[in-house]
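Spelled out, the chains give:
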Amino acid sequence: MTNRFTKKQVFFDLDDTLVDEGYKFEMIFCECLRFIILGFETRAPQIDEILQRARSIDNKMLEEIPPHEKYLPKRLINTWVTCYRELCQERGRTPKPHIEQLLTAMIIQTYDPPYFVIPDVVEVLNELVRYGRYELHLMTAGAADIQQRKLDSTDLGKYFSTIHFLPDGDKAKVLREAVEQFDKDFIASIGNSIRTDINPALELGVKAIYIPRGTWNYMKVDPFNNDYITLDSISKVPEILDGWAKDMER
Ligand SMILES: [Mg+2]
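Section: the overall build of the protein
Along the backbone of the protein there are 9 helices and 8 strands. Seen along its three principal axes, the alpha-carbon backbone of the protein occupies a region of about 70 × 35 × 30 Å. For the protein, long-range pairs separated by at least 24 residues make up 68% of all intrachain contacts whose partners lie at least 6 apart in sequence.

Some thoughts on the domain arrangement of the protein
According to the domain assignment, the protein consists of domain 1 (8-18 + 118-249) and domain 2 (23-110). Computed from C-alpha atoms alone, the centre-to-centre distance between domain 1 and domain 2 is 31 Å. Listed by partner, the interface residues are 8 residues for domain 1 and 8 residues for domain 2. Here the residues of the side of domain 1 that touches domain 2 sort into 4 nonpolar, 3 polar and 1 charged.

A closer look at the packing of helix 7 (residues 171-181) against helix 8 (residues 194-204)
Packed helix pairs are specified by the crossing angle of their axes together with the interaxial distance, meaning the distance between the axes. In the contact formed by helix 7 and helix 8, the axes pass within 9 Å of each other and the chain directions differ by 40 degrees. Classified by the interaxial angle, the pair formed by helix 7 and helix 8 is oblique. As for the relative orientation of helix 7 and helix 8, their crossing is right-handed in sense. On helix 8, the residues that touch Lys171, Ala172, Leu175, Arg176 and Val179 of helix 7 are Thr196, Asp197, Pro200, Ala201, Glu203 and Leu204. Class assignment of the residues belonging to the contact of helix 7 with helix 8 gives a composition of 6 nonpolar, 1 polar and 4 charged.

Focus on the sheet that holds strand 1 (residues 8-12)
Strands sit in the order 5-4-1-6-7-8 across an open sheet of 6 strands; the sheet is parallel. Edge positions in the open sheet fall to strand 5 (162-166) and strand 8 (229-230), since each of these has one partner strand only. As judged from the 2 bridges shared by strand 7 (residues 207-210) and strand 8, these two strands associate in the parallel manner. In the strand pairing of strand 8, Tyr210 is matched with Thr230.

Analysis parameters
Residues numbered from 1 in each chain as written. Predicted model: local features only at pLDDT ≥ 70, side-chain atom pairs only at ≥ 80, totals over all residues. Helix = DSSP H or I, 4+ residues; strand = E, 2+ residues; numbered from the N terminus. Contact = placed C-beta atoms within 7 Å. Domains from an automatic or database assignment. Nonpolar A, V, L, I, M, F, W, Y, C, P; charged D, E, K, R; others polar. Axes fitted to C-alpha atoms, helices over the stretch in contact; angles between N-to-C directions. Parallel < 35°, antiparallel > 145°, perpendicular 65-115°, else oblique. Left-handed = near helix turned anticlockwise from the far one by under 90°. Pairing = 2+ DSSP bridges.

This is the structure in C-alpha coordinates:
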(Lines give C-alpha, C1' and ligand atoms only; values in the text may rest on other atoms or scores of the structure.)
Protein backbone atom coordinates (compact mmCIF):
# COMPACT_ATOMS: atom_id res chain seq x y z
CA MET A 1 0.00 0.00 0.00
CA THR A 2 1.36 3.40 -0.95
CA ASN A 3 -0.23 6.41 0.61
CA ARG A 4 1.07 9.78 1.64
CA PHE A 5 2.39 8.39 4.90
CA THR A 6 4.32 5.49 3.44
CA LYS A 7 5.82 7.53 0.63
CA LYS A 8 9.37 8.60 1.18
CA GLN A 9 9.52 12.32 1.89
CA VAL A 10 12.45 13.86 0.07
CA PHE A 11 13.57 17.42 0.80
CA PHE A 12 15.69 19.09 -1.86
CA ASP A 13 17.74 22.25 -1.55
CA LEU A 14 17.51 24.62 -4.56
CA ASP A 15 20.64 26.77 -4.97
CA ASP A 16 23.61 24.74 -6.21
CA THR A 17 21.67 21.52 -5.77
CA LEU A 18 19.10 21.96 -8.57
CA VAL A 19 20.05 25.38 -9.97
CA ASP A 20 23.60 26.56 -10.47
CA GLU A 21 24.29 29.72 -8.47
CA GLY A 22 27.88 29.52 -7.33
CA TYR A 23 29.05 29.81 -10.90
CA LYS A 24 27.17 33.08 -11.40
CA PHE A 25 28.54 34.52 -8.19
CA GLU A 26 32.13 33.59 -9.02
CA MET A 27 31.79 35.33 -12.39
CA ILE A 28 30.36 38.45 -10.76
CA PHE A 29 33.08 38.49 -8.10
CA CYS A 30 35.64 38.56 -10.93
CA GLU A 31 33.85 41.64 -12.26
CA CYS A 32 33.86 43.25 -8.81
CA LEU A 33 37.61 42.69 -8.52
CA ARG A 34 38.07 44.22 -11.94
CA PHE A 35 36.05 47.34 -11.06
CA ILE A 36 37.95 47.87 -7.83
CA ILE A 37 41.24 47.58 -9.68
CA LEU A 38 39.98 50.00 -12.34
CA GLY A 39 38.94 52.41 -9.56
CA PHE A 40 42.50 52.48 -8.21
CA GLU A 41 44.00 52.66 -11.67
CA THR A 42 47.74 51.98 -11.70
CA ARG A 43 48.08 51.87 -7.92
CA ALA A 44 45.62 49.08 -7.35
CA PRO A 45 45.98 46.51 -4.55
CA GLN A 46 46.71 42.96 -5.69
CA ILE A 47 43.83 40.67 -6.55
CA ASP A 48 44.37 38.29 -3.61
CA GLU A 49 44.42 41.15 -1.12
CA ILE A 50 41.09 42.47 -2.44
CA LEU A 51 39.53 39.00 -2.45
CA GLN A 52 40.71 38.14 1.06
CA ARG A 53 39.41 41.45 2.36
CA ALA A 54 36.01 40.93 0.72
CA ARG A 55 35.83 37.40 2.12
CA SER A 56 36.66 38.40 5.65
CA ILE A 57 34.16 41.29 5.57
CA ASP A 58 31.50 38.90 4.26
CA ASN A 59 32.19 36.22 6.88
CA LYS A 60 32.04 38.82 9.65
CA MET A 61 28.80 40.19 8.24
CA LEU A 62 27.26 36.69 8.14
CA GLU A 63 28.04 36.29 11.84
CA GLU A 64 26.64 39.67 12.78
CA ILE A 65 23.59 40.53 10.68
CA PRO A 66 20.09 39.32 11.64
CA PRO A 67 19.48 35.79 10.23
CA HIS A 68 16.71 36.90 7.84
CA GLU A 69 19.09 39.34 6.13
CA LYS A 70 21.80 36.77 5.41
CA TYR A 71 20.46 35.78 2.01
CA LEU A 72 19.44 39.20 0.71
CA PRO A 73 21.39 40.97 -2.08
CA LYS A 74 21.98 43.82 0.41
CA ARG A 75 24.58 41.74 2.28
CA LEU A 76 26.84 41.16 -0.70
CA ILE A 77 26.46 44.76 -1.89
CA ASN A 78 27.58 45.90 1.56
CA THR A 79 30.48 43.46 1.49
CA TRP A 80 31.93 44.70 -1.80
CA VAL A 81 31.27 48.41 -1.26
CA THR A 82 32.78 48.19 2.24
CA CYS A 83 35.77 46.32 0.82
CA TYR A 84 36.37 49.09 -1.74
CA ARG A 85 35.93 51.85 0.87
CA GLU A 86 38.31 50.22 3.35
CA LEU A 87 41.01 49.77 0.70
CA CYS A 88 40.56 53.41 -0.37
CA GLN A 89 40.80 54.65 3.21
CA GLU A 90 43.99 52.70 3.88
CA ARG A 91 45.57 54.26 0.81
CA GLY A 92 44.36 57.81 1.45
CA ARG A 93 42.05 57.73 -1.56
CA THR A 94 38.48 58.97 -1.87
CA PRO A 95 36.10 56.22 -3.02
CA LYS A 96 34.64 56.95 -6.45
CA PRO A 97 30.82 56.91 -6.47
CA HIS A 98 30.64 55.36 -9.94
CA ILE A 99 32.77 52.40 -8.81
CA GLU A 100 30.42 51.84 -5.87
CA GLN A 101 27.47 52.03 -8.26
CA LEU A 102 29.05 49.52 -10.60
CA LEU A 103 29.69 47.10 -7.72
CA THR A 104 26.06 47.45 -6.61
CA ALA A 105 24.68 46.94 -10.12
CA MET A 106 26.90 43.87 -10.64
CA ILE A 107 25.76 42.17 -7.44
CA ILE A 108 22.07 42.84 -8.14
CA GLN A 109 22.49 41.29 -11.56
CA THR A 110 23.57 37.99 -9.98
CA TYR A 111 20.06 37.48 -8.66
CA ASP A 112 18.46 37.96 -12.09
CA PRO A 113 17.89 35.36 -14.82
CA PRO A 114 19.19 33.40 -16.58
CA TYR A 115 19.09 30.52 -14.10
CA PHE A 116 20.98 27.40 -15.03
CA VAL A 117 19.39 24.06 -14.14
CA ILE A 118 22.15 21.61 -13.18
CA PRO A 119 22.57 18.69 -15.62
CA ASP A 120 20.45 15.56 -14.87
CA VAL A 121 18.19 17.43 -12.44
CA VAL A 122 15.07 17.28 -14.61
CA GLU A 123 15.59 13.57 -15.40
CA VAL A 124 16.08 12.74 -11.72
CA LEU A 125 13.02 14.68 -10.56
CA ASN A 126 10.91 13.07 -13.31
CA GLU A 127 12.09 9.64 -12.30
CA LEU A 128 11.36 10.22 -8.61
CA VAL A 129 7.81 11.43 -9.14
CA ARG A 130 7.00 8.94 -11.91
CA TYR A 131 5.98 5.99 -9.77
CA GLY A 132 4.50 8.01 -6.95
CA ARG A 133 6.67 6.42 -4.30
CA TYR A 134 8.34 9.66 -3.36
CA GLU A 135 6.85 12.94 -2.30
CA LEU A 136 9.21 15.80 -3.07
CA HIS A 137 9.62 19.00 -1.07
CA LEU A 138 11.75 22.06 -1.62
CA MET A 139 13.52 23.98 1.16
CA THR A 140 15.40 27.03 0.02
CA ALA A 141 17.16 29.84 1.84
CA GLY A 142 16.63 33.32 0.50
CA ALA A 143 14.08 35.95 -0.35
CA ALA A 144 10.76 34.44 -1.46
CA ASP A 145 10.41 36.70 -4.53
CA ILE A 146 13.85 35.84 -5.88
CA GLN A 147 13.53 32.11 -5.21
CA GLN A 148 10.01 32.00 -6.68
CA ARG A 149 11.30 33.68 -9.84
CA LYS A 150 13.89 30.92 -10.17
CA LEU A 151 11.20 28.26 -9.90
CA ASP A 152 8.95 30.03 -12.40
CA SER A 153 11.67 30.53 -14.93
CA THR A 154 13.08 26.97 -14.66
CA ASP A 155 9.64 25.31 -14.31
CA LEU A 156 10.98 23.21 -11.42
CA GLY A 157 8.21 24.17 -8.99
CA LYS A 158 5.81 21.58 -10.45
CA TYR A 159 7.73 18.66 -8.93
CA PHE A 160 7.24 19.67 -5.30
CA SER A 161 4.22 19.15 -3.11
CA THR A 162 5.47 21.71 -0.60
CA ILE A 163 7.84 24.63 -1.11
CA HIS A 164 9.48 26.36 1.83
CA PHE A 165 11.11 29.75 1.34
CA LEU A 166 13.28 30.35 4.38
CA PRO A 167 14.52 33.93 4.73
CA ASP A 168 16.80 32.88 7.62
CA GLY A 169 17.86 29.59 5.98
CA ASP A 170 16.70 27.56 9.00
CA LYS A 171 15.87 24.15 7.52
CA ALA A 172 15.89 22.42 10.90
CA LYS A 173 12.42 23.78 11.64
CA VAL A 174 10.91 22.30 8.46
CA LEU A 175 12.61 18.94 9.01
CA ARG A 176 11.48 18.85 12.63
CA GLU A 177 7.87 19.32 11.49
CA ALA A 178 8.34 16.51 8.96
CA VAL A 179 9.67 14.20 11.67
CA GLU A 180 6.53 14.86 13.71
CA GLN A 181 4.35 13.96 10.75
CA PHE A 182 6.20 11.08 9.10
CA ASP A 183 8.42 8.20 10.15
CA LYS A 184 12.04 9.34 10.48
CA ASP A 185 13.14 6.54 8.17
CA PHE A 186 10.94 7.96 5.41
CA ILE A 187 12.63 11.36 5.32
CA ALA A 188 15.73 12.45 3.43
CA SER A 189 17.42 15.83 2.97
CA ILE A 190 19.52 16.46 -0.13
CA GLY A 191 21.80 19.42 -0.74
CA ASN A 192 25.21 20.97 -1.28
CA SER A 193 25.73 22.54 2.14
CA ILE A 194 26.89 20.64 5.21
CA ARG A 195 25.83 23.54 7.39
CA THR A 196 22.29 24.04 6.16
CA ASP A 197 21.25 20.82 4.34
CA ILE A 198 23.13 17.98 6.01
CA ASN A 199 23.70 18.88 9.67
CA PRO A 200 20.06 19.71 10.46
CA ALA A 201 19.12 16.28 9.06
CA LEU A 202 21.86 14.44 10.98
CA GLU A 203 20.88 16.17 14.21
CA LEU A 204 17.33 14.87 13.78
CA GLY A 205 18.49 11.42 12.72
CA VAL A 206 16.95 11.61 9.24
CA LYS A 207 18.75 10.53 6.09
CA ALA A 208 21.00 12.91 4.24
CA ILE A 209 22.65 13.03 0.82
CA TYR A 210 25.45 15.53 0.31
CA ILE A 211 26.24 16.60 -3.26
CA PRO A 212 29.18 19.01 -3.00
CA ARG A 213 29.18 21.78 -5.57
CA GLY A 214 31.11 24.60 -4.03
CA THR A 215 29.56 26.68 -1.32
CA TRP A 216 30.16 29.96 0.48
CA ASN A 217 33.18 30.00 2.70
CA TYR A 218 30.91 30.55 5.69
CA MET A 219 29.00 27.35 4.94
CA LYS A 220 32.06 25.15 5.28
CA VAL A 221 31.70 23.39 8.63
CA ASP A 222 32.33 19.90 9.97
CA PRO A 223 29.50 17.40 9.67
CA PHE A 224 27.56 16.56 12.87
CA ASN A 225 28.43 12.88 12.31
CA ASN A 226 29.35 10.63 9.36
CA ASP A 227 25.93 9.13 8.91
CA TYR A 228 25.32 10.59 5.44
CA ILE A 229 26.09 9.76 1.83
CA THR A 230 28.23 11.87 -0.48
CA LEU A 231 27.54 11.80 -4.22
CA ASP A 232 29.41 13.48 -7.03
CA SER A 233 26.26 13.88 -9.09
CA ILE A 234 22.53 14.15 -8.56
CA SER A 235 22.06 11.38 -11.14
CA LYS A 236 22.78 8.76 -8.47
CA VAL A 237 20.06 9.97 -6.09
CA PRO A 238 17.25 7.62 -7.32
CA GLU A 239 19.49 4.59 -6.84
CA ILE A 240 20.32 5.58 -3.26
CA LEU A 241 16.70 6.36 -2.38
CA ASP A 242 15.48 3.10 -3.97
CA GLY A 243 18.09 1.22 -1.92
CA TRP A 244 16.87 2.81 1.30
CA ALA A 245 13.25 2.07 0.37
CA LYS A 246 14.07 -1.58 -0.26
CA ASP A 247 15.91 -1.86 3.06
CA MET A 248 12.77 -0.67 4.81
CA GLU A 249 10.56 -3.22 3.10
CA ARG A 250 12.69 -6.09 4.31
MG1 LIG B 1 22.48 25.16 -1.72
